[in-house]
Amino acid sequence: MDIVYLDNSATTKTDEEVVKEMIPYMSKNYGNPSSIYKIGRENRKAVEDARDKVAKVLNCESGEIYFTSCGSESDNTAIKGIAYGYKNKGNHIITSKIEHPAVLETCKQLEKEGFEVTYISVDENGIVNLEELEKSIKPTTTLITIMFANNEIGTIQPIKEIGEIAKKHNVLFHTDAVQAVGNIRIDVKDMNIDSLSLSAHKFYGPKGVGALYVRKGVKFDKFLNGGHQERNKRAGTENVAGIVGLGKAIELAYMDLEKHNEKIKQLRDYYVEQVKERIPYIKINGDMEKRLPGNSNISFRFIEGEGLLLNLDLKGICASSGSACTSGSLDPSHVLLAIGLPHEIAHGSLRISIGKYNTKEEIDYVIDNLVEIVGRLREMSPLWEEFLEEENK
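Residues numbered from 1 in each chain as written. Predicted model: local features only at pLDDT ≥ 70, side-chain atom pairs only at ≥ 80, totals over all residues. Heavy atoms only, no water.

Enquirer: Teacher, can you tell me more about the overall build of the chain here?
Expert: Each helix and strand counted, the chain has 14 helices and 12 strands in total. A compact globule built from 393 residues should have a C-alpha radius of gyration of about 21 Å, and the chain, at 22 Å, falls within 12% of that. A burial count over the chain gives 56% of its 393 residues as buried. For the chain, the exposed area adds up to about 17,300 Å²; of that, 51% sits on carbon and sulfur atoms. Each charge class in the chain can be summarised by its mean position, and for the 50 positive and 59 negative side chains these summaries are 7 Å apart. (Helix = DSSP H or I, 4+ residues; strand = E, 2+ residues; numbered from the N terminus. Rg over C-alpha atoms; globule rule 2.2 N^0.38 Å. Buried < 20%, exposed > 50% of the residue type's maximum accessible area, 1.4 Å probe, protein only. Areas by Shrake-Rupley, 256 points an atom, 1.4 Å probe, with all protein chains shown as cover. Lys, Arg positive; Asp, Glu negative; His and termini not counted. Charge placed at Lys NZ, Arg CZ, Asp CG, Glu CD.)

Pasting the structure below:
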């Protein structure tokens with residue numbers, strides 16, 4: 001096999017139907033959607049049609065959807081925008097220890113500006129402690145931001161319950177749903193979500209375009225200054241082709257969601273069972289029930305994740321040891337440390353994320369190579385040698 005792509009949490013292949021939908025807006029349909037003449041008005045309609053598609057999936061109004069460049073921009077806009085917008089009420093924000101860097105780094109920046117941030121803990125499966133969350137709320141709390149599903153271990157949070165706690169205490173609730181959209185049915189009204197971030201390239205759409213939902217009536221400061229696009233909340237000419245692609249991708253993702261999820265969950269479960277059966281001394285990270293259907297995160301003791309990834313790459317297998325946004329770091333995943341893994345085990349983690357284009361033949365190929373690679377790397381490890389000596393005493 002040339003390439004086996006199992007890093008769909010990092011990005012997905014753009015669906016051919018999405019590409020087909022986008023192409024006219026990169027050639028003949030070139031009008032600026034802010035222009036009043038016909039080719040501008042036609043592109044404005046295309047943008048608004050895409051907005052309607054996003055709103056339909058989330059069960060909100062079209063006017064509550066704002067297009068951005070990515071999930072990180074959506075997170076920044078929501079968290080900073082709400083923090084600044086409600087600064088006269090308070091300066092306290094609550095988040096969790098396992099958020100994506102787009103949330104954690106934004107919160108750290110706000111701390112430098114005088115805001116107070118509480119980072120609540122999670123259990124061994126990565127689920128937030130609801131009691132700790134509610135106890136953390138203060139009279140100065142303006143925002144709770146908790147991710148919908150974790151990008152590394154796939155854990156799905158009790159979002160509706162978090163939303164109920166926030167509503168009970170008159171606190172706004174934002175969720176980074178970048179990993180959830182396209183995998184989970186979401187109703188922002190039923191779940192009491194005030195703001196939500198998403199990104200097209202996580203559900204077979206193009207890179208470089210995202211969206212932000214903000215409930216009508218919620219104040220948030222603009223993130224970019226300039227023109228009056230996106231109802232005067234995000235200056236800059238809209239990425240029409242990207243927005244059209246996002247709209248088509250989210251429409252396709254929810255057409256047959258349950259069937260798609262069942263297929264990739266079966267492949268994921270088969271992979272996990274085969275690894276458990278054929279490779280000893282492993283630890284499965286995250287909750288196997290409250291989990292994204294295609295996600296698996298397994299720690300292989302006595303080896304380094306970087307060595308595992310490089311050897312898999314030589315076999316044409318694309319996987320990850322954590323978030324793509326932090327893959328340049330040699331430090332263990334902050335998510336794995338937060339769920340209680342010691343450094344030496346966290347270092348040996350492998351995340352695979354299965355998507356709609358993967359096959360059982362590919363999974364079999366990965367497992368066969370994984371068995372060989374893990375065995376070879378352990379033979380080279382002094383930790384493995386020490387472990388075997390202790391076992392044989």
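Moving on from the coordinates now.
Enquirer: Just checking my understanding: could you explain the pairing of strand β7 (residues 195–199) for this structure?
Expert: The side chains of a regular strand alternate between the sheet's two faces. The buried count for β7 comes to five of five residues, which makes it a mostly enclosed element. Covered by surrounding structure in β7 are S195, S197 and S199 together with L196 and L198, the residues of both alternating faces. When strand β6 (residues 172–176) meets β7, the two strands line up parallel, connected through three bridges. Within β7, the residue paired with H174 across the bridge is S195. (Pairing = 2+ DSSP bridges.)

Enquirer: Can you walk me through the sheet that holds strand β12 (residues 349–353) in this structure?
Expert: Adjacent strands of a sheet form backbone hydrogen bonds with each other and so pair up, either parallel or antiparallel. Read across the sheet, three strands follow the order β9-β10-β12 without closing on themselves; strand pairing throughout is antiparallel. For this open sheet the edge positions go to β9 (282–284) and β12, each flanked by a neighbour on one side alone. Adjacent strand axes in the sheet meet at a mean angle of 25°, parallel and antiparallel pairs treated alike. Examined bridge by bridge, strand β10 (residues 295–300) and β12 share five bridges and lie antiparallel to one another. The partner of N297 across the bridge, within β12, is R351. (Axes fitted to C-alpha atoms, helices over the stretch in contact; angles between N-to-C directions.)

Enquirer: What should I look at first to understand helix α3 (residues 71–85) in this one?
Expert: One turn of the α-helix equals 3.6 residues, which is why residues spaced by three or four share an orientation. Over its 15 residues, α3 runs 20 Å from end to end, which matches the ideal 21 Å to within 8%, given 1.5 Å per residue. Among the 15 residues that make up α3, 13 are buried, leaving the element largely enclosed by the rest of the structure. (Expected span 1.5 Å × (residues − 1).)

Enquirer: Is there a simple way to explain the packing of helix α9 (residues 257–278) against helix α13 (residues 360–379) in this structure?
Expert: Working note: a packed helix pair is described by the angle between its axes plus the distance between those axes. Across the interface, α9 lies against α13 with an axial gap of 10 Å and an inter-helix angle of 25°. If you check the angle between α9 and α13, you find them roughly parallel. Once α9 is placed against α13, the crossing between them reads as right-handed. Residues L267, Y270, Y271, Q274, V275 and R278 of α9 form the contact with α13, whose own contacting residues are K360, I363, D364, V366, I367, D368, L370 and V371. Class assignment of the residues belonging to the contact of α9 with α13 gives a composition of nine nonpolar, one polar and four charged. (Parallel < 35°, antiparallel > 145°, perpendicular 65-115°, else oblique. Left-handed = near helix turned anticlockwise from the far one by under 90°. Contact = heavy atoms within 4.5 Å. Nonpolar A, V, L, I, M, F, W, Y, C, P; charged D, E, K, R; others polar.)

Enquirer: Hey, could you run me through the sheet that holds strand β2 (residues 65–68) in this one?
Expert: Strand order in this open sheet of seven strands is β2-β8-β7-β6-β5-β3-β4, and the pairing throughout is mixed. Two strands close off the open sheet at either side, each with one partner strand: β2 and β4 (116–120). If you compare each strand with its neighbour and ignore which way they point, the axes differ by 20° on average. Sheet topology places β7 next to strand β8 (residues 210–214); five bridges connect them, and they run antiparallel. Residue pairing in the sheet places S195 in a bridge with V214 of β8. Where helix α4 (residues 101–112) meets the sheet, it contacts β3 (92–96), β4, β5 (141–145) and β6, and its direction lies at approximately 145° from that of β4.

Enquirer: Please explain a nonpolar patch on the surface as it appears in this structure.
Expert: On the surface, a nonpolar cluster with roughly 270 Å² of combined accessible area is contributed by V19, I23 and M26. Assignment of secondary structure puts M26 in the loop between α1 (16–22) and α2 (38–58). (Patch = residues over 30% accessible without salt bridge, like charges linked within 9 Å, V, L, I, M, F, W, Y side chains within 5 Å. Salt bridge = Lys/Arg side-chain N within 4 Å of Asp/Glu carboxyl O.)

Enquirer: It is not clear to me how the pairing of β6 should be interpreted in this structure. Could you clarify?
Expert: Most of β6 sits out of view: five of its five residues are buried. In β6, alternate side chains face the same way, and those of L172, H174 and D176 on one face and F173 and T175 on the other are all buried. Pairing of β5 with β6, which is carried by three bridges, proceeds in the parallel orientation. Paired with T145 across the two strands is H174, which belongs to β6. In terms of handedness, the path from β5 via helix α6 (residues 159–168) over to β6 forms a crossover that is right-handed. (Right-handed = clockwise from strand over helix to strand, strands pointing away.)

Enquirer: I would appreciate a short explanation of the side chain of T145 in the present structure.
Expert: Relative to the helices and strands, T145 resides in strand β5. Looking at T145, its side chain comes within polar contact range of the side chain of H174, at 2.9 Å. For T145, the contacting residues outside a window of four places in its chain are I79, I93, I94, T95, S96, E99, V103 and H174. (Polar contact = N/O pair within 3.5 Å; in protein donor to acceptor, adjacent residues only side chain to side chain.)

Taken by themselves, the reported measurements are silent on function.
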